[in-house]
Amino acid sequence: MDVDSRLLRCFVAVAEEGTLTRAAERLFVSQPALTKQIKQLEARLGVRLFTRSRTGMALTEPGRVLAERVPALLARWDQVLRETRSAAGRAAHVLRVGFMASAANEATPRIIAEFTRRRPGWRVDMRQASWSHPTAGLADGDVDVALLRLPFPGQDALRTAVLFTEPRWVALPSGHPLAAREVIPFRDLWDEPFVAAPPESGRWREYWLATGEREGHPVRVGAVTDQPDDWLSAIANGYGIALAPASAARFYARPGITYRPVSGVSPSQVGVAWARADDTHPVVQEFVRCCLDSGPRPDETTT
């Protein structure tokens, strides 16, 4: 009997988190979809894996046996996939680089140029990810290295190095009453509807809503988007405002949208991330060094 590894990953997440809600956030899926996966796994195995209650999901005896074995099995399989895909890239002299939004801003082309200078014959394959995949494919082994906004879900399982820090600003419709201000205190934005990332993006969504910096004040969500273009449209159409890196004013300038500095909210960091298994991978580490050596210039930062 064959069992999809995706079903086993769902099982492990629920077993470790103890609730469907937390497991769904960890996996970036909806709770109904996760429930369906667990039921499908139980049907294939012909056993009940969890006892469901109002307080959470408790493992049955067969579930405990499976929970003891599956994590190591998946870890070995992930390693095999990563090594296989990496070998294919090395054979073709291609480094797969995942990224979110504007990657490392203006430093991105310098990083790529420096890497190809140091590694003649190699090519960088840039792969953009949606906000519902905040590791840009790195956690799944779909890329070798990634340029990401920190923090992101799954960050603790990877290696990261900070490249630079920039303030978080706010993007709002140009006709908004606050758009005329030079600097907007974050507290003045608390009651505004926000354009948010999908709920399954978990920590990523919470960071860009600054939920931890509202002193318990609830968030109003006016729209949910997964791509920069949809995000811009939602703001321009008045469905909400959004925190954004200061560089968004350069990379995502659009009629009908005004960007303003925000006080009272922490800055954003851009980092390079890679798998722990690639700590000694010469090509991956060469790219990391290029990132660290090719940071933003003074005229490319906004303070």
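Here is a short report on the structure shown in this document. (Residues numbered from 1 in each chain as written. Predicted model: local features only at pLDDT ≥ 70, side-chain atom pairs only at ≥ 80, totals over all residues. Heavy atoms only, no water.)

1. A closer look at the sheet that holds strand E13 (residues 268-275)
Within the open sheet, the five strands sit side by side as E4-E3-E5-E13-E6. Their pairing is mixed. Each edge of the open sheet carries a strand with a single partner, namely strand E4 (123-129) and strand E6 (158-166). Here the strands of the sheet are splayed against their neighbours by 25° on average, with no regard to which way each runs. Strands strand E3 (94-100), E4 and strand E5 (145-150) of the sheet are contacted by helix H5 (residues 107-118), whose axis makes an angle of about 150° with E4. Sitting on the sheet, helix H9 (residues 282-293) touches E3, E5, E6 and E13, and the angle it makes with E13 is about 165°. (Pairing = 2+ DSSP bridges. Helix = DSSP H or I, 4+ residues; strand = E, 2+ residues; numbered from the N terminus. Axes fitted to C-alpha atoms, helices over the stretch in contact; angles between N-to-C directions. Contact = heavy atoms within 4.5 Å.)

2. Side note on empty space enclosed by the protein
This structure, assessed with the given rule, holds three cavities of 30 Å³ or more. What the largest cavity holds in volume is close to 360 Å³. Forming the boundary of the largest cavity are 26 residues, of which Trp131, Trp204, Trp208, Trp231 and Pro245 lie nearest the centre. Among the elements of the structure, E5, strand E9 (193-196), helix H6 (203-208), helix H7 (228-236) and strand E11 (242-245) are those that each provide at least two residues to the lining of the largest cavity. (1 Å grid on protein atoms, 1.4 Å probe; cavity = no way out; pocket = protein on both sides within 12 Å on 5 of 7 lines; lining within 4 Å. Points joined across faces, edges and corners; volume = space filled by probe spheres on them.)

3. Topic: the packing of aromatic side chains
Under the criterion given, the structure shown has six aromatic pairs. Ring geometry for Tyr207 versus Trp208: centroids 5.2 Å apart, planes at 90°, classification edge-to-face. We classify Tyr207 as buried; its relative accessible area is 13%. One aromatic cluster is present, built from ring pairs that chain together Trp204, Tyr207 and Trp208. Lying across the ring of Tyr207, Arg168 places its NZ or CZ 3.9 Å from the centre. (Phe/Tyr/Trp six-rings, centres within 6.5 Å; stacked < 30°, edge-to-face > 60°. Buried < 20%, exposed > 50% of the residue type's maximum accessible area, 1.4 Å probe, protein only. Lys NZ or Arg CZ within 6 Å of the ring centre and 35° of its normal.)

4. Topic: the pairing of E9
The side chains of a regular strand alternate between the sheet's two faces. The alternating pattern of E9 places Pro193 and Val195 on one face and Phe194 and Ala196 on the opposite face, and all of these are buried. Sheet topology note: the E9/strand E10 (residues 220-224) ladder contains four bridges and is parallel. Residue Ala196 lies in a different strand from E10, and its bridge partner there is Val224. Crossover E9 to E10 through H6 is right-handed. (Right-handed = clockwise from strand over helix to strand, strands pointing away.)

5. A short note on the layout of surface pockets
Looking at the largest pocket, its volume works out to about 1300 Å³. Sorting the residues of the lining of the largest pocket by element identifies helix H1 (5-17), helix H2 (20-27), helix H3 (31-45) and helix H4 (61-92) as the ones contributing at least two each. For the lining of the largest pocket, the leading source of residues is H4, giving eight residues. Class assignment for the residues of the lining of the largest pocket results in 19 nonpolar, nine polar and nine charged. Considering only enclosed or pocket space, the second largest pocket measures out at about 320 Å³ in volume. Surrounding the second largest pocket, 19 residues form its lining, Arg22, Glu25, Arg26, Gly202 and Arg203 being those nearest its centre. (Nonpolar A, V, L, I, M, F, W, Y, C, P; charged D, E, K, R; others polar.)

6. Some points on unusual backbone geometry
Here the bond from Leu150 into Pro151 is cis, since omega is 0°, no more than 30 degrees from zero. Note on placement: Pro151 falls in the loop between E5 and E6. Backbone geometry at Ala210 places phi at a positive 50°, although glycine is not the residue there. Relative to the elements of secondary structure, Ala210 occurs in the loop between H6 and E10. A relative accessible area of 2% means that Ala210 is categorised as buried. One non-glycine residue, Glu215, lies in positive phi territory at about 55°. With respect to the helices and strands, Glu215 occurs in the loop between H6 and E10. Accessibility expressed as a relative area gives 66% for Glu215, which makes it exposed.

7. Observations regarding the nonpolar core
Counting residues in each nonpolar core, the largest one holds 47 residues, and the members touching the most others are Phe186, Leu189, Trp231, Leu243 and Tyr259. Going through the elements one at a time, E5, strand E7 (168-173), E9, H6, H7, E11 and strand E12 (257-263) are the ones with two or more residues in this core. With near-sequence residues (within four places) excluded, Trp231 lies in contact with Trp131, Ala171, Val195, Thr225, Ala242, Leu243, Ala244 and Tyr259. Among the nonpolar cores identified, the runner-up in size contains 24 residues, and Ile111, Val145, Val270 and Val284 belong to it. (Core = buried A, V, L, I, M, F, W, Y, C linked by side-chain atoms within 4.5 Å.)

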